[in-house]
Amino acid sequence: MEQIRRDLYLNRLIERRENGMIKVVTGIRRCGKSYLLFKLYYQYLIESGVESSRIITIPLDDDDFEELHDSKRLSAYIKERITDDSMWYVFLDEVQLCKNFEAVLNGLNRRDNVDIYVTGSNSRFLSSDVLTEFRGRGDEVRVYPLSFSEYVSAYSGDKYDAWVDYYTYGGLPLILSRKTDELKSGYLTALCQELYLKDIENRHNLRGDNVMSALLNILASSVGSLTNPTKLANTFSSNGMPVSDKTIGTYIGYLLDAFFISKSERYDIKGKRYIASPYKYYFTDVGLRNAQLNFRQQEENHIMENIIYNELLVRGFHVDVGVVEHAEKNEEGKIVRKRLEVDFVCNCGSRRYYIQSAFAIPDKEKMEQEQNSLIRIDDSFKKIIVVRDRIKLWRNEKGIVVMDIMDFLLKPDSLDL
C-alpha cells in the first residue's frame, strides 16, 4: 500500500512546531495518529535538518516500553536522553497509559529546549481538559479517519468505485490494505468487538454488560435521527430490556469519550439559541457503523449524511442541526407553527454555511421539500444542497447551490464554488 498523504494534519503539526505548547494528537484508535506523528511528522523533521538522535520516540502501547507506564521512570528515561541545551523533540504514543503523565509533561514543558508531542485515544485529551491538565499549555490536533479525498488518493480504482467501498467500509487507513470484501468486513467486525468495545468495557468496568452493544446497534440503525436518552431507554424497554435513561446517557458519554460517535445539537436559526435535547449522533467511521450491524443496513442516503457531517468536522467546522420555525395555515385555515430542519449549520470563525443532504432530487416536488427550510432563513449566508446524483453544480432561482457529492468531497474549496 502506498503512503497515504495526510497533509491537513501534518501542516497543523508543522504550524505548532516549537510553540511552547504540548501538542496533543487525539482521535479514535486506528485512525492514523501514530502514523502521522511517528512516520509523517518524524520524516518532516528529518528532512528539515533535525538529527534523528534528537527525536525521542516512546510508543507506550509497545510491550518494550511497559515499565515506562510509571511516571517517575518515564521522566528519568526522557531526561537521561536530553544531553545539551539544543532543541529536543519528544514523541509519546498513547500517553494515557502512564499514570500521572501530566506531571511528567508539565515538568518537561518548563524546559525551553523540549518540544513535546503526545497522542491519546479518549477525550480526556479534549481541549477543555488539556487546558486543565497542562495548565493552559496544551494544543489539540484532532485526527479523523481518512476523508474521502484522502481515501481516493490511495485507492487503485476510479472515484465511483471508491465511493461504494468508502460508504461500505469507511476510512480507517488499514482498510485500504485489505483486498477482498471478506477481509475488509472481518477486519472491521473484529475491531468493533475486540478493540473498541473491549477498550470501553475495560476502562469503565462494564464486563459482562450487553447494554453497550445493544445501544450501539440502536444508534447505528437510526444514524442521523433525533433522539435522547429517554427515547432510547423507551426503545430498550419495548424490547424487554429495561435500562434507565441515566445509564443510557452515561454510556453515550463513554462512546463520545472514545471518539466512536459524535453529537450534533439543535440550533434555532431565527431565535439564535440552542434547543435542549433531542440530539443527532453520527459515527466517526461509517465502516464501524456498518460492521456493528453486520453490514445488514446499507441505506446509502443515511450513510451519505454521516459522511458529509464527518467531512465538515475534518474541515474544522462546528456543526449543528438547524431548526427554522415558521407559521403557516392548515387545511382549516388556522395558523400553526412548524419546525423545519436544516441538516447542518456549519460555523468556523465568521464563516457560516447551511447544508442539506439530499440523496436524489428527481422532480420539482422533491426540490421544494429540500429547500423548504433553507428559503425561510433570512440571512445572507450560503445555502447548499448536496446530492448523490452525478450533476454539474448549479444555482436555482432561490440562490441555492446544488452540487453532487463528488464535488463536495473532492474539491477542498467546494463550499465556496
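Just above, that's the structure.
Residues numbered from 1 in each chain as written. Predicted model: local features only at pLDDT ≥ 70, side-chain atom pairs only at ≥ 80, totals over all residues. Heavy atoms only, no water.

## A closer look at the sheet that holds strand 3 (residues 88-93)
Spatially, 5 strands are ordered 2-3-4-1-5 in an open sheet, and the strand pairing comes out parallel. Edge positions in the open sheet fall to strand 2 (55-59) and strand 5 (138-142), since each of these has one partner strand only. Here the strands of the sheet are splayed against their neighbours by 15° on average, with no regard to which way each runs. The sheet strands contacting helix 2 (residues 33-47) are strand 1 (22-26), strand 2, strand 3 and strand 4 (114-120), and the helix crosses strand 3 at an angle near 165°. (Pairing = 2+ DSSP bridges. Helix = DSSP H or I, 4+ residues; strand = E, 2+ residues; numbered from the N terminus. Axes fitted to C-alpha atoms, helices over the stretch in contact; angles between N-to-C directions. Contact = heavy atoms within 4.5 Å.)

## Some points on the pattern of salt bridges
Opposite charge on two side chains makes pairing possible when the charged atoms of those side chains draw close. One pass over the structure, following the stated rule, counts 26 salt bridges. Where Arg6 meets Glu150, a salt bridge forms, and the shortest distance between an N and an O atom there is 3.0 Å. Separated by 144 residues along the polypeptide, Arg6 in the segment before helix 1 (7-15) and Glu150 in helix 6 (residues 148-153) bring together distant segments of the chain. This pair shows no difference in class: Arg6 is buried, exactly as Glu150 is. One salt bridge in this structure joins Arg203 and Asp257, with 3.0 Å as the shortest N-O distance. Pair noted here: Arg203 is in helix 8 (residues 181-203) and Asp257 is in helix 11 (residues 245-257), with a separation of 54 residues, a long-range link. Several salt bridges share partner residues, and in doing so they unite Arg29, Asp199, Arg203 and Asp257 into one network. (Salt bridge = Lys/Arg side-chain N within 4 Å of Asp/Glu carboxyl O. Buried < 20%, exposed > 50% of the residue type's maximum accessible area, 1.4 Å probe, protein only.)

## Considerations on the sheet that holds strand 13 (residues 394-395)
Across the sheet, which stays open at both edges, the 9 strands sit in the order 6-8-7-9-10-11-12-14-13 with mixed pairing between neighbours. Here the strands that pair on one side only, and so sit at the sheet edges, are strand 6 (226-227) and strand 13. Direction of pairing for strand 11 (residues 351-358) relative to strand 12 (residues 382-387): parallel, over a ladder of 6 bridges. Its bridge partner being in strand 12, Ser357 is matched across the sheet by Val386.

## Describing the environment of Val143
As for its placement among the helices and strands, Val143 is situated in the loop between strand 5 and helix 6. Using a relative accessible area of 2% as the deciding quantity, one classes Val143 as buried. Separated by 227 residues in sequence, Val143 and Glu370 have C-alpha atoms that sit 32 Å apart. Among residues more than four places away in sequence, those in contact with Val143 are Arg6, Tyr9, Val25, Thr26, Gly27, Cys31, Lys33 and Leu36.

## Regarding the nonpolar core
Most often, soluble globular proteins keep nonpolar side chains buried together rather than apart. Core analysis: the biggest nonpolar cluster contains 95 residues, and Phe260, Leu312, Ile355 and Phe408 have the highest contact counts within it. Ignoring anything within four residues of it in the chain, the contact list for Phe408 reads Ile308, Glu311, Leu312, Arg315, Ile355, Val386, Met403, Ser414 and Leu415. In terms of nonpolar packing, the next biggest core, distinct from the first, is built from 22 residues, Leu68, Phe101, Leu108 and Val114 among them. (Core = buried A, V, L, I, M, F, W, Y, C linked by side-chain atoms within 4.5 Å.)

## As for the packing of helix 9 (residues 211-221) against helix 11
Axis separation between helix 9 and helix 11 bottoms out at 11 Å; the angle between their running directions is 80°. In terms of orientation, helix 9 and helix 11 fall into the roughly perpendicular class. In contact with Val211, Met212, Leu215, Leu216 and Leu219 of helix 9, helix 11 contributes Ile248, Tyr251, Ile252, Tyr254 and Leu255. In the contact of helix 9 with helix 11, the residues fall into 10 nonpolar, no polar and no charged. (Parallel < 35°, antiparallel > 145°, perpendicular 65-115°, else oblique. Nonpolar A, V, L, I, M, F, W, Y, C, P; charged D, E, K, R; others polar.)

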